[in-house]
Amino acid sequence: EAGVTQSPTHLIKTRGQQATLRCSPISGHTSVYWYQQALGLGLQFLLWYDEGEERNRGNFPPRFSGRQFPNYSSELNVNALELEDSALYLCASSLVLQETQYFGPGTRLLVL
Amino acid sequence: GNSVTQMEGPVTLSEEAFLTINCTYTATGYPSLFWYVQYPGEGLQLLLKATKADDKGSNKGFEATYRKETTSFHLEKGSVQVSDSAVYFCALFNYGGSQGNLIFGKGTKLSVKP
């Protein structure tokens, strides 16, 4: 069974640009979660999508947004990139409101 | 609110040493508890979990017991290997008032020397 996949593996952008990160959940999982792992800040929850709807978001500004497609894959968009957005972005999936979340390998975003 | 506190690292051990990484939590109700592991340059892998009091999760020689009376979920391994070098995260998920996300500790970096 394929795990959670994310693309791209690495992404380099300059300040002010937009970044788009993609995630495909495990087959059969309808919930997708996004987390940010910035150096020294641990793992911070960004967004939760289920059945195409945003169910919850963490304490991040509106320039962090996303969506979930009918096939349950998801996209995270970060607008007006700032240097401090440099981080590893992790996507996870689960069955709806099931506690066990399975993570992808992450996208490493570098903002110059 | 919900929170997880892990012992701060880094932890450096010799191969075959005994490992304990402490984790305590604060939560209302009955959360599920997890240990995730992150190898260098990779995402998080689920190591083990426990969903109710006194449950013991185990995997790859690692164990952790859900202790409600002490609100703890300490990770142990009897004999570590160099390949166990990684960052370990304790996490909880609380259905009661759940916002869907896992609550993570800050992580404990383990280095095992040959």
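Above this note sits the structure.
Residues numbered from 1 in each chain as written. Chains lettered and ligands numbered in written order. Predicted model: local features only at pLDDT ≥ 70, side-chain atom pairs only at ≥ 80, totals over all residues. Heavy atoms only, no water.

Colleague: Residues and numbers for the overall build of chain B, please.
Modeller: Per the secondary structure count, chain B includes 0 helices and 12 strands. Each helix and strand of chain B, ordered N terminal to C terminal, gives the series β-β-β-β-β-β-β-β-β-β-β-β. Whereas a compact globule of 114 residues would reach a radius of gyration of roughly 13 Å, chain B reaches 14 Å, a difference of no more than 12%. Projected onto its principal axes, the C-alpha coordinates of chain B cover approximately 45 × 30 × 20 Å. Burial analysis of chain B (114 residues in total) assigns 46% to the buried set. When contacts within chain B are restricted to residue pairs at least 6 apart in sequence, those whose partners lie at least 24 apart make up 57%. Of the roughly 5400 Å² of accessible surface on chain B, a fraction of 48% belongs to carbon and sulfur atoms. (Helix = DSSP H or I, 4+ residues; strand = E, 2+ residues; numbered from the N terminus. Rg over C-alpha atoms; globule rule 2.2 N^0.38 Å. Buried < 20%, exposed > 50% of the residue type's maximum accessible area, 1.4 Å probe, protein only. Contact = heavy atoms within 4.5 Å. Areas by Shrake-Rupley, 256 points an atom, 1.4 Å probe, with all protein chains shown as cover.)

Colleague: Describe unusual backbone geometry, naming the residues involved and giving the relevant values.
Modeller: Cis rather than trans, the peptide bond between Ser7(A) and Pro8(A) has omega equal to -10°. On the secondary structure map, Pro8(A) appears in the loop between β1 (5–7) and β2 (10–13). The step from Gly9(B) to Pro10(B) runs through a cis peptide bond, and the omega angle for that step is -5°. Among the secondary structure elements, Pro10(B) is positioned in the loop between β1 (3–6) and β2 (11–14). For Lys60(B), which is not glycine, the phi torsion reads 55° and is therefore positive. For Thr71(B), which is not glycine, the phi torsion reads 45° and is therefore positive.

Colleague: Before we move on, can you summarise the pairing of strand β8 (residues 62–65) of chain B with the specific residues and values?
Modeller: Residues and elements named next belong to chain B. With 4 bridges connecting them, strand β7 (residues 56–59) and β8 associate as antiparallel partners. Opposite Gly57, over in β8, you have Ala64 as the bridge partner. Connecting β7 to the antiparallel partner β8 that follows it, the hairpin turn spans 2 residues, and Lys60 within it adopts a positive phi of roughly 55°. (Pairing = 2+ DSSP bridges.)

Colleague: Could you give an account of a nonpolar patch on the surface, with specific residues and numbers?
Modeller: All names here are of chain A. On the surface, a cluster of nonpolar side chains totalling about 300 Å² of accessible area is made up of Ile12, Leu110 and Leu112. Take Leu112: it is sitting in the segment after β11 (107–111). Of the residues examined, Leu112 reaches a relative accessible area of 56% and is grouped as exposed. (Patch = residues over 30% accessible without salt bridge, like charges linked within 9 Å, V, L, I, M, F, W, Y side chains within 5 Å. Salt bridge = Lys/Arg side-chain N within 4 Å of Asp/Glu carboxyl O.)

Colleague: Describe in detail the layout of surface pockets, supporting the description with residues and values.
Modeller: Approximately 580 Å³ is the volume found for the largest pocket. Lining the largest pocket are 23 residues, and of these Gln37(A), Leu39(A), Gln38(B), Val87(B) and Phe89(B) sit closest to its centre. Sorting elements by how many residues they give to the lining of the largest pocket places strand β10 (residues 86–93) of chain B first, with 3 residues. Of the residues assigned to the lining of the largest pocket, the class counts are 10 nonpolar, 9 polar and 4 charged. Its boundaries defined by the atoms lining it, the second largest pocket holds a volume of some 250 Å³. For the second largest pocket, the lining is made up of 15 residues, of which Leu43(A), Gln44(A), Phe45(A), Ile103(B) and Phe104(B) are closest to its centre. (1 Å grid on protein atoms, 1.4 Å probe; cavity = no way out; pocket = protein on both sides within 12 Å on 5 of 7 lines; lining within 4 Å. Points joined across faces, edges and corners; volume = space filled by probe spheres on them. Nonpolar A, V, L, I, M, F, W, Y, C, P; charged D, E, K, R; others polar.)

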